[in-house]
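Single-letter residue listing:
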Amino acid sequence: MAQLQRAESLGPLETARAAVRALYGADPSAQAQANAWLLSFAGTAAAWDVGRQLYLEPEEEVQYFGANLLFTKVRGEWHGLADEAKASVYTGLLGLLQQLPAAGGGWRKLPPGAKRLCLALAAAAVRSTQAAERYVASALELAAASPAASLELLGGLPAELLAQEAALADGAMSPARPELRALLPRALDALQSAVSSMGH
């Protein structure tokens with residue numbers, strides 16, 4: 001694909017942009033080449049920053065791909081990251097999340113990429129020691145400004161907890177489960193607040 005080849009000379013972000021657009025295009029050959037490049041690129045360290053930058057693009061399909069790239073990397077690579085790298089990724093995801101009220105609008109207008117970003121942060125929270133409290137606090141802060149984002153966050157946490165436990169051997173429980181149980185009353189209060197605000 002000529003467009004992808006030209007973009008490669010400009011760096012990974014430009015190449016990823018071109019590949020995602022080709023993936024959603026109508027040319028089957030270009031789609032196959034773009035998919036092969038994206039699958040290979042997803043396993044690189046550079047994909048963390050490129051995923052973040054793709055999420056900030058104006059096109060919804062590019063936003064979604066960026067968010068899904070981050071989600072996939074958190075699920076697959078989190079335990080191999082150094083603590084400093086985990087903190088950096090988590091802070092970066094949270095920073096993107098704090099832009100949701102302005103980007104998402106009303107509670108029924110949360111873009112698909114924003115929903116995926118909430119799941120990425122949930123995946124990081126259940127895989128991090130003592131991160132769930134910070135996560136729930138973020139959901140509480142968003143409840144007034146963006147009920148949709150708050151609900152996505154609170155719904156994503158148990159979903160990711162169950163997904164993590166399903167991947168563990170011998171039916172083991174996630175280390176995050178006791179912390180999440182202790183936070184349940186606060187999470188329920190946040191859900192009630194978000195649902196109430198939707199009715200107004």
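Residues numbered from 1 in each chain as written. Predicted model: local features only at pLDDT ≥ 70, side-chain atom pairs only at ≥ 80, totals over all residues. Heavy atoms only, no water.

Peer 1: Looking at this model, I keep getting lost on the pattern of salt bridges. Mind explaining?
Peer 2: Here the idea is simple: oppositely charged side chains can pair when their charged atoms come close. Taken as a whole, this structure holds eight salt bridges when the rule is applied. Between Arg17 and Glu14 there is a salt bridge, with the nearest N and O atoms lying 2.3 Å from each other. Pair noted here: Arg17 and Glu14 are both in helix H2 (residues 12-23), with a separation of three residues, about one helical turn. A residue is classified by how much of its surface remains accessible, and Arg17, at 15% relative accessible area, is buried. When its relative accessible area of 31% is taken as the criterion, Glu14 is described as partly exposed. When the shortest N-O distance is used, the salt bridge between Arg52 and Asp49 registers 2.8 Å. One end of the pair, Arg52, and the other, Asp49, are both in helix H4 (residues 46-55), three residues apart, so they sit about a helical turn from each other. Residue classification places Arg52 among the partly exposed residues on the basis of a relative accessible area of 31%. Through salt bridges that share partners, Glu14, Arg17, Arg21, Glu57 and Glu59 make up one connected network. (Salt bridge = Lys/Arg side-chain N within 4 Å of Asp/Glu carboxyl O. Helix = DSSP H or I, 4+ residues; strand = E, 2+ residues; numbered from the N terminus. Buried < 20%, exposed > 50% of the residue type's maximum accessible area, 1.4 Å probe, protein only.)

Peer 1: Explain the packing of aromatic side chains here, please?
Peer 2: Working definition: an aromatic ring pair is given by the centre-to-centre distance plus the angle between the planes. Throughout the structure, instances matching the rule amount to one aromatic pair. Each ring, one from Trp37 and one from Phe41, has its centre 4.8 Å from the other, and the planes form 15°; the classification is stacked. Of the two residues, Trp37 and Phe41 are both situated in helix H3 (residues 28-41); the distance of four residues between them amounts to about one turn of the helix. Across the pair, Phe41 and Trp37 agree in class, each one buried. (Phe/Tyr/Trp six-rings, centres within 6.5 Å; stacked < 30°, edge-to-face > 60°.)

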